[in-house]
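# Close look at the chain arrangement
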Amino acid sequence: ECERRNIDRAEYWSVATAPNAAHVVRLAAGAAEHPAPARKVICIVHDIEENVDTEVSPAECRAALVRMLEIEREHGVRATYTILGRLFRDKAAIIAAHGDHDLAFHSFDHRLDDLSQLARVREVDLQIKGYRTPRSKITAELSDYALVYWNFEWIICSERTFECQAPKVENGLVKVPIYMDDWMLHTGELTRERWEPRLLYEIRARDFVAFGLHDCYAAHWLDWYGELLETLKGMGELWTVDQAVSQAWLRSTLTPPRDAPGR
């Protein structure tokens, strides 16, 4: 016995507990091993922010977004798209029309001095579970408590900030580290001939790597994006961040506490 309810702009199922007690499946206690992917896990994270920090026009960014989505569909790849809250509804519709990808917030407007970003994105959507920090900066607003309070399950930031190379669960939140992005391609500090080998070297050395790409920097990598995807598919499994987060939650649930008997 249940009913569907609309609250603000979000849709929920309301389930009565007592009438449905007979349908509850009780889990039996038992030993379980950590499930693991067959190969390395690679996550592609697209920051969708248009011209917030660049002189690239919104039209160019929009065209780049459509093209990267087309390439991913051609190669059978799902990715994670983190979107500015002020752009979210428009961009989410474009992404949904091109495939089944993860969606997350990338702050509301990319400002580090405005400490109301979490509240503002929740005015846009109540159900999005992921948050990507602007410029890989953890502001005073982004405490673990605040993120969980605003109903976020995971956050993406740099490996240096999180001091880890794979997703980890802390304080009811999954922290997903980004190894590198396309910033140095944009600045000219690295060309493809140096940027791509650096990424592939780390993928060979690790079980998990997440890396970022931007719509506003796409001119530097879009022409060879399809080739990169095929290379990555040969090296590991391309997961969305939601998949990696689910794996992290499961691992944390199956890991006995340090003071458990037999440890």
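Structure's up top.
Presented here is a report on the structure given in the accompanying data block.

Scoring rules and cut-offs
Residues numbered from 1 in each chain as written. Predicted model: local features only at pLDDT ≥ 70, side-chain atom pairs only at ≥ 80, totals over all residues. Heavy atoms only, no water. Helix = DSSP H or I, 4+ residues; strand = E, 2+ residues; numbered from the N terminus. Buried < 20%, exposed > 50% of the residue type's maximum accessible area, 1.4 Å probe, protein only. Contact = heavy atoms within 4.5 Å. Areas by Shrake-Rupley, 256 points an atom, 1.4 Å probe, with all protein chains shown as cover. Expected span 1.5 Å × (residues − 1). Arc of directions from axis to C-beta. Axes fitted to C-alpha atoms, helices over the stretch in contact; angles between N-to-C directions. Parallel < 35°, antiparallel > 145°, perpendicular 65-115°, else oblique. Left-handed = near helix turned anticlockwise from the far one by under 90°. Nonpolar A, V, L, I, M, F, W, Y, C, P; charged D, E, K, R; others polar. Core = buried A, V, L, I, M, F, W, Y, C linked by side-chain atoms within 4.5 Å. Salt bridge = Lys/Arg side-chain N within 4 Å of Asp/Glu carboxyl O. Pairing = 2+ DSSP bridges. Phe/Tyr/Trp six-rings, centres within 6.5 Å; stacked < 30°, edge-to-face > 60°. Lys NZ or Arg CZ within 6 Å of the ring centre and 35° of its normal.

## Topic: the overall build of the protein
- Of the regular secondary structure elements, the protein holds 9 helices and 11 strands.
- Relative to its full complement of 263 residues, the protein shows a buried share of 46%.
- Across the protein, every contact between residues at least 6 apart in sequence was considered, and the portion connecting residues at least 24 apart equals 64%.
- Of the roughly 14100 Å² of accessible surface on the protein, a fraction of 50% belongs to carbon and sulfur atoms.

## Some words on the pairing of strand S10 (residues 208-214)
- Counting buried residues in S10 gives 7 out of 7 residues, a clear majority hidden from the surface.
- Neither face of S10 is left uncovered, since the one carrying Phe208, Ala210, Gly212 and His214 and the one carrying Val209, Phe211 and Leu213 both have all their residues buried.

## What about helix H7 (residues 192-205)?
- With 14 residues, H7 ought to run about 20 Å at 1.5 Å a step, and its terminal C-alpha atoms sit 20 Å apart, in line with that.
- Residues of H7 that are buried: Trp195, Glu196, Leu199, Leu200, Glu202 and Ile203. Considered in projection along H7, the buried side chains sweep an arc of 160 degrees and stay on one side of the axis. In H7, the exposed positions angled more than 90 degrees off the buried face are occupied by Glu193, Arg194, Tyr201, Arg204 and Ala205.

## A look at the packing of H7 against helix H8 (residues 225-235)
- Look at H7 against H8: their axes get within 11 Å of each other, and the N-to-C directions meet at 20 degrees. Compared by their axis directions, H7 and H8 come out roughly parallel. H7 and H8 meet at a crossing whose hand is right-handed. Where H7 abuts H8, its residues Arg192, Trp195, Glu196, Leu199, Leu200, Ile203 and Arg204 lie against Glu227, Leu228, Thr231, Leu232 and Met235.
- When grouped by side-chain class, the residues that make up the contact of H7 with H8 number 7 nonpolar, 1 polar and 4 charged.

## A closer look at the nonpolar core
- Core analysis: the biggest nonpolar cluster contains 58 residues, and Ile44, Trp195, Phe211 and Trp221 have the highest contact counts within it.
- If we ignore the near neighbours within four places in the chain, the residues touching Phe211 are Ile42, Cys43, Ile44, Val45, Ile178, Met180, Trp195, Leu199, Leu228 and Leu232.
- By size, the runner-up hydrophobic cluster in this structure holds 16 residues, among which are Val41, Ala104, Ala244 and Ala248.

## Quick notes on the pattern of salt bridges
- Under the definition given, this model contains 19 salt bridges.
- Here Glu11 ties to Arg4 by a salt bridge, and the two come within 3.9 Å at their closest N and O atoms.
- The shortest N-O distance in the salt bridge between Lys175 and Asp144 comes to 3.1 Å. On the criterion of sequence distance, the pair formed by Lys175 in strand S9 (residues 173-178) and Asp144 in helix H4 (residues 144-149) is long-range, its members being 31 residues apart. Taken individually, Lys175 and Asp144 each receive the classification buried, so the pair is uniform in this respect.
- Several salt bridges share partner residues, and in doing so they unite Asp144, Lys168, Glu170 and Lys175 into one network.

## As for the packing of helix H1 (residues 58-74) against helix H2 (residues 88-96)
- Direction vectors running N to C along H1 and H2 enclose 30 degrees, while the axes themselves pass 10 Å from each other. Considering the angle they form, H1 stands roughly parallel to H2. In terms of crossing hand, the pair formed by H1 and H2 is right-handed. Across from Arg62, Leu65, Val66 and Leu69 in H1, the residues of H2 making contact are Asp90, Lys91, Ile94 and Ile95.
- Of the residues belonging to the contact of H1 with H2, the class tally is 5 nonpolar, no polar and 3 charged.

## Quick look at the pairing of strand S2 (residues 10-15)
- As defined by bridge partners, strand S1 (residues 2-7) adjoins S2 across 6 bridges and the pair is classed as antiparallel. Looking across to S2, one finds that Ile7 is bridged to Ala10.
- The loop that links S1 with its antiparallel partner S2 comprises 2 residues; one of these, Asp8, has a positive phi angle of about 55 degrees.

## A short note on the side chain of Ser107
- Counting through the fold element by element, Ser107 comes out in the loop between strand S5 (102-105) and helix H3 (117-122).
- When residues no more than four places from it in sequence are discounted, the contact partners of Ser107 are Ile83, Leu84, Gly85, Gln117, Val121, Tyr131, Arg132 and Pro134.

## Observations concerning the packing of aromatic side chains
- One pass over the structure, following the stated rule, counts 9 aromatic pairs.
- With a centroid separation of 4.8 Å and an interplanar angle of 45 degrees, the aromatic rings of Phe88 and Phe105 are classed as tilted. Here Phe88 is found in helix H2, whereas its partner Phe105 is found in strand S5, with 17 residues between them in sequence. Of the two residues examined, Phe88 and Phe105, each falls in the buried class.
- Feature note: the residues Phe88, Phe105, Tyr131 and Phe152 constitute an aromatic cluster, connected by ring pairs.
- The ring of Phe152 has Arg122 sitting right over it, with the charged end atom 4.0 Å from the ring centre.

The values reported here are purely geometric and, on their own, carry no functional implication.
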